[in-house]
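# Commentary on secondary and tertiary structure
The primary structure of each chain is shown beneath.
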Amino acid sequence: MPEMKGMDKLLSCVVMVTLLITVLLTSGCVEDDTSGTPEALMSSFVESINNKDGELFMELLVDNEFLSDDVFEEIPMEEEEFKEYLEDMKSAIDDGEAYVESYEIEELIYLEDMEEDNRTQSEEIMEMLNDSEYFQGDISDMCTIILDWDATVDEDSPIYWVADLGDFDDLFLLEIEGKWYNPMPGTAISAVLYTEIDG
């Protein structure tokens, strides 16, 4: 009889551990797949806006994590001004200055599926960024995304561009070191592109 009680306790422990692991996996505590694919990135991006989660919002942008401080010697913006702009964007999300009414991914074109001219141009941009002394990430892929996007943003908000995402004909996403990012205005990509491309 004592052996049966011991077996019951062991079985109960196994069941509890199994349930715990299941909960952790389904809640995302074990693996946070916020940007493992372009679709997951956009889902998390919308979630960050509508849940007023400025920290998540910034994690999904190509922020100054990949930007060399040397770039501020080349662009017409001081480092403190740049970081203040990033903080203003985060605060705008935390304060609920934007809301996404609805969105749908109408088309998603990976690099390998692009038409030859577009693929060549995209590969040149990737190569330029990877070779840039101002960009410290490793871009492994990019894709073009077309959105049906309906969002509202407070007037004069630093995240004004959130309302216009559906109007970009060639909005592109970057895969950097295994995660997908949204290269939006005011981010490291903007600074590097401004520096590397004439005009």
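Notes on the structure in this doc start here. (Residues numbered from 1 in each chain as written. Predicted model: local features only at pLDDT ≥ 70, side-chain atom pairs only at ≥ 80, totals over all residues. Heavy atoms only, no water.)

Here we come to the overall build of the chain. Summing up its helical and strand segments, the chain has six helices and four strands in all. For the chain, the N- to C-terminal ordering of α and β elements is α-α-α-α-β-α-β-β-β-α. In the chain, which comprises 199 residues, the share counted as buried stands at 37%. Contacts in the chain between residues far apart in sequence, at least 24 positions, make up 76% of those at least 6 positions apart. When the accessible surface of the chain is totalled, it reaches about 11800 Å², and 47% of it is carbon and sulfur. (Helix = DSSP H or I, 4+ residues; strand = E, 2+ residues; numbered from the N terminus. Buried < 20%, exposed > 50% of the residue type's maximum accessible area, 1.4 Å probe, protein only. Contact = heavy atoms within 4.5 Å. Areas by Shrake-Rupley, 256 points an atom, 1.4 Å probe, with all protein chains shown as cover.)

Taking strand neighbours across the sheet as the criterion, the four strands line up as E1-E2-E3-E4 in an open arrangement whose pairing is antiparallel. Looking at strand neighbours, the two that pair on one side only are strand E1 (98-110) and strand E4 (179-181), the edges of this open sheet. For this sheet, the mean inter-axis angle between neighbouring strands, taken without regard to orientation, is 35°. For strand E2 (residues 139-153) and strand E3 (residues 171-176), the ladder comprises six bridges, and the chain directions are antiparallel. Counted as the bridge partner of Asp141 is Glu175 from E3. (Pairing = 2+ DSSP bridges. Axes fitted to C-alpha atoms, helices over the stretch in contact; angles between N-to-C directions.)

On to the side chain of Ser68, then. Note that Ser68 resides in the loop between helix H3 (54-59) and helix H4 (79-94). The residues contacting Ser68, other than those within four sequence positions of it, are Glu133, Tyr134 and Gln136.

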